[in-house]
Amino acid sequence: MATAATARSRPRAALAMSPDAGAAVLRPDTLAALGAVCDLTPPPVLDDFGTARARAALAGAELLVTGWGCPPLDEEVLAAAPRLRAVVHTAGTVRGHVTEACWERGIAVSSAAAANALPVAEYTVAMILLSGKRALERARDYRTARSREPWLRLPDVVGNYGRTVGILSASLIGRRVIELLRPYDLDVALYDPYVSAEEAAALGVRQVEIGELFAGSDVVSVHTPLLPATTGLVSRDLLTAMRQDSVLINTARGAVVDQDALTDVVRKERIRAILDVTDPETLPPDHPLWECGNAVITPHLAGSQGNELRRLAELAVAEVTRWAAGDGFAHPVRRERLAFLA
């Protein structure tokens, strides 16, 4: 049984995110696990820091467990939370709520980005392999024709043996994709100006310039975070340089790609596109990409959904447990790395 002194040493924690995020991520077992190591302000979650209840919770909180829809932790909010020392985010990017004021305060920040990277990487690898077999298009044609094409006569462009897969950015997700592709007979190329030749060799990839990545790959998979320097990075010139009938996969952010240029090359049937993100998101109902048979558009589903949300919760609980024990975070977000993170 815990002594009174032990109970008093437990950090006080509050939950801050949208109600939908709270319902999806904070299941009873997660709340119980958090409550085992913290004095947890019980739900409902805080989604407006201006309420009396929120101000009361913030006043004593040493730790915030955040999620999608958490309001910004600006100077005014931090002034109402004088004891706050750490933020554990149950999702990926912290850009929406962790402000400069947090870094100036010296607040420690952790994110579940590593857990969210895995389903995105799994989706990407699945789409790389399916696109090589032209599975989605052939399923559509099969449904229409009700008969099989003579598979022994299919050209060499069908299949995955020896295909070149270009990875744009060795981000957290890009690295997981590279890792998951290792068992396959693929040539994996990488463009990332921040990766050294030694690091590329350790990753087991062939390092190329961005022009060669697009011109020389059968598939280009975009894993670049959306930053001022990467907005529109995938330009018209790069898209038009892609091989006839090659594939662009984007699971990063729509604005990394020149959307108008992409629409043009897809409509001309120069390339195929698998887009889990677009610019804007969602595309207007009359956007021409909806009608393109060589474009697959999915509703931003690559990231954690359904039972995959449990992985985010488990990582967050593990981080809170470590922090409460004084061990620090296993998945810290570093202020100096923000310029390279999603």
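What you see is a predicted model, and the numbers here were worked out from it, not measured in a lab.

Participant: Would you mind going over empty space enclosed by the protein in detail, with residue names and values included?
Facilitator: The final tally for this structure, using the stated rule, is 1 cavity of 30 Å³ or more. The computed volume of the largest cavity comes to approximately 100 Å³. Secondary structure elements with two or more residues in the lining of the largest cavity: α7 (113-132), α8 (135-145), β11 (271-275) and β12 (295-297). Per-element accounting of the lining of the largest cavity gives the leading share, 3 residues, to β11. Taken together, the residues that form the lining of the largest cavity break down as 7 nonpolar, 3 polar and 2 charged.

Participant: Before we move on, can you summarise the side chain of Ser 246 with the specific residues and values?
Facilitator: Here Ser 246 is to be found in strand β10 (residues 246-250). There is a polar contact of 2.6 Å between the side chain of Ser 246 and the backbone oxygen of Arg 243. The residues touching Ser 246, leaving out its near neighbours within four places in the chain, are Ser 217, Asp 218, Arg 270, Ile 271 and Arg 272.

Participant: Give me the sheet that holds strand β5 (residues 108-111): which residues, what numbers.
Facilitator: Taking strand neighbours across the sheet as the criterion, the 5 strands line up as β2-β1-β3-β4-β5 in an open arrangement whose pairing is parallel. The sheet terminates laterally at β2 (39-40) and β5, the two strands that pair on one side only. The pairing of strand β4 (residues 86-89) with β5 spans 4 bridges and is parallel. Each residue of the ladder has a partner; that of Val 88, found in β5, is Ser 110.

Participant: Which residues make up unusual backbone geometry, and what are the values?
Facilitator: The step from Asp 279 to Pro 280 runs through a cis peptide bond, and the omega angle for that step is 5 degrees. In this chain, Glu 281 is followed by Thr 282 through a cis amide linkage whose omega measures 10 degrees. The backbone of Asp 245 sits at a positive phi, close to 75 degrees, despite the residue not being glycine. Although it is not a glycine, Glu 269 adopts a positive phi angle of roughly 60 degrees. Its location among the elements puts Glu 269 in the loop between α13 (259-267) and β11. Its relative accessible area of 56% is what places Glu 269 among the exposed residues.

Parameters at a glance
- Residues numbered from 1 in each chain as written.
- Predicted model: local features only at pLDDT ≥ 70, side-chain atom pairs only at ≥ 80, totals over all residues.
- Heavy atoms only, no water.
- 1 Å grid on protein atoms, 1.4 Å probe; cavity = no way out; pocket = protein on both sides within 12 Å on 5 of 7 lines; lining within 4 Å.
- Points joined across faces, edges and corners; volume = space filled by probe spheres on them.
- Helix = DSSP H or I, 4+ residues; strand = E, 2+ residues; numbered from the N terminus.
- Nonpolar A, V, L, I, M, F, W, Y, C, P; charged D, E, K, R; others polar.
- Polar contact = N/O pair within 3.5 Å; in protein donor to acceptor, adjacent residues only side chain to side chain.
- Contact = heavy atoms within 4.5 Å.
- Pairing = 2+ DSSP bridges.
- Buried < 20%, exposed > 50% of the residue type's maximum accessible area, 1.4 Å probe, protein only.

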